[in-house]
Amino acid sequence: MLVVGFGAGPLQANCYLLAGAAGGDCVLVDPGQEAAEPVAAALAEHRLTPVAMLATHGHPDHVGSAAELSATHGIPLLLHPADAAAFDVASEPLEPGTHTLAGLDITVGHAPGHTAGSVVLGLAADEGGRLVLTGDTLFAGSIGRTGGAGAELEKSLRTLLLPLPDETVVLPGHGPATTIGQERAANPFLTAMGVA
């Protein structure tokens, strides 16, 4: 599996391109502010064609370039309906379940807490590994802000992320990659919440 990631915009939100291999179809995840130009460069470098665009949630730093990229590539943004309504983002509904996009089986889990429509995206690589894109639900050494929905975030962490194997690679919405095992062992927020 090919995973290309980079920070974009003033908040350096991570945008990802996921593909089975270079030279084929890909999925764009979290096309945030000022992401259009680096997306175009990554598509050219890896000879990729975007066939789907997903967002982990509807905050502008994660969807700011969606309209431009949608127009350029003729693909809609898929976003959980709760966030599409809350943030008035032009999109089609991204429902929980497993979706096959660009030849990849992507499992969408509804993970409210950071926003009402936050989701996490899980994939299994042909090479045997697993990865999960957590948006602003889980970071290396931290968790997302909740806006008063701390109980929902805790439930999302407990039910969707912490049951994953330790070796699962976490690709967060900001900052560096980590693993579920590393966060279970050392994330002070998980420890304080008693969910590690």
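Now for a quick tour of the structure.

What counts, and where the lines are drawn
Residues numbered from 1 in each chain as written. Predicted model: local features only at pLDDT ≥ 70, side-chain atom pairs only at ≥ 80, totals over all residues. Heavy atoms only, no water. Helix = DSSP H or I, 4+ residues; strand = E, 2+ residues; numbered from the N terminus. Buried < 20%, exposed > 50% of the residue type's maximum accessible area, 1.4 Å probe, protein only. Lys, Arg positive; Asp, Glu negative; His and termini not counted. Salt bridge = Lys/Arg side-chain N within 4 Å of Asp/Glu carboxyl O. Polar contact = N/O pair within 3.5 Å; in protein donor to acceptor, adjacent residues only side chain to side chain. Contact = heavy atoms within 4.5 Å. Arc of directions from axis to C-beta.

1. Notes on the side chain of glutamate 183
Link 1 in the chain: If you trace the backbone, glutamate 183 turns up in helix α6 (residues 180-186).
Link 2 in the chain: Comment: no salt bridge for buried glutamate 183; closest opposite-charge side chain is arginine 184, at 11 Å.
Link 3 in the chain: A distance of 2.8 Å separates the side chain of glutamate 183 from the side chain of asparagine 187, its partner in a polar contact.
Link 4 in the chain: With residues near it in sequence (within four places) discarded, glutamate 183 still touches Leu138, Phe139, Ala140, Gly141, Ser142, Thr178 and Leu190.

2. Examining helix α1 (residues 36-46)
Link 1 in the chain: Turning to α1, its buried residues number three or more, namely Ala36, Val39, Ala42, Leu43 and His46. The buried residues of α1 occupy an angular sector of 125 degrees when the element is viewed end-on, so they sit on one face. Within α1, the exposed residues directed more than 90 degrees away from the buried face are Glu37, Ala44 and Glu45.
Link 2 in the chain: Here the buried face of α1 lies against β1 (2-8), β2 (13-19), β3 (25-29), β4 (49-54) and α3 (66-73).
Link 3 in the chain: Of the residues one or two after α1, arginine 47 is the one with positive phi, at around 55 degrees.

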